[in-house]
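# Coordinate analysis (summary)
Chain residues, written in single-letter form:
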Amino acid sequence: MSIRSVLPWTLDLVITRTVEDRPSGILRVDLAGDLAGWAQWVVRDGRADYDQACDVRTPVLRRLPRALDPLMRWNHAAMMSSGEAGLRRHLAGHEGS
């Protein structure tokens, strides 16, 4: 899978589902490729919580100066906001099912 946000970098990821526990509402995946780590959704009581821990593996991004950290955080926030909007659209199409 490839993902991209506002800045002109595409990240290539391999996403492997490691936990899908419907009774407890947990979906967790491992991330490999340009990012290494995990991401997890916990859905309970009509609420969805997201958490992640990952490291950037792309050499060019790892060499960016620390002064660009705020720009990278902004880019990540834009990507997550876009993902949330897409998820809301998707779920709205499945209401009542």
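Okay, so let's go over this structure. Source: prediction; values computed, not measured.

## Re the environment of Leu31
Here Leu31 is to be found in strand β3 (residues 26-33). For Leu31, a relative accessible area of 12% translates into the label buried.

## Some points on the side chain of Asp34
Note that Asp34 resides in the loop between β3 and β4 (35-44). For Asp34, the side chain forms a polar contact with the main-chain nitrogen of Asp12, separated by 2.7 Å. Within the structure, the side chain of Asp34 is placed 3.2 Å from the side chain of Thr58, a separation counted as a polar contact. Asp34 has contacts with Thr10, Leu11, Asp12, Leu13, Asp55, Val56, Arg57 and Thr58, leaving out every residue within four places of it along the chain.

## Focus on the pairing of strand β5 (residues 47-56)
With 10 bridges joining them, β4 and β5 adopt antiparallel strand pairing. Each bridged residue has a counterpart across the sheet, and for Trp41 the counterpart in β5 is Tyr50. Hairpin geometry of β4 and β5 is characterised by an intervening segment of two residues between the two adjacent antiparallel strands and by a positive phi of about 50° at Asp45.

## A word on the pattern of salt bridges
The final tally for this structure, using the stated rule, is six salt bridges. Across the pair Arg17 and Glu20 runs a salt bridge whose closest N-O atoms are separated by 2.6 Å. Residue Glu20 is classed as partly exposed on the basis of its relative accessible area, which comes to 41%. A salt bridge links Asp69 to Arg66; the nearest nitrogen and oxygen atoms lie 3.3 Å apart. Judged by relative accessible area, Arg66 falls into the exposed class, the value being 67%. Salt bridges sharing partners connect three or more residues here, namely Arg17, Glu20 and Arg22.

Rules used throughout
Residues numbered from 1 in each chain as written. Predicted model: local features only at pLDDT ≥ 70, side-chain atom pairs only at ≥ 80, totals over all residues. Heavy atoms only, no water. Helix = DSSP H or I, 4+ residues; strand = E, 2+ residues; numbered from the N terminus. Buried < 20%, exposed > 50% of the residue type's maximum accessible area, 1.4 Å probe, protein only. Polar contact = N/O pair within 3.5 Å; in protein donor to acceptor, adjacent residues only side chain to side chain. Contact = heavy atoms within 4.5 Å. Pairing = 2+ DSSP bridges. Salt bridge = Lys/Arg side-chain N within 4 Å of Asp/Glu carboxyl O.

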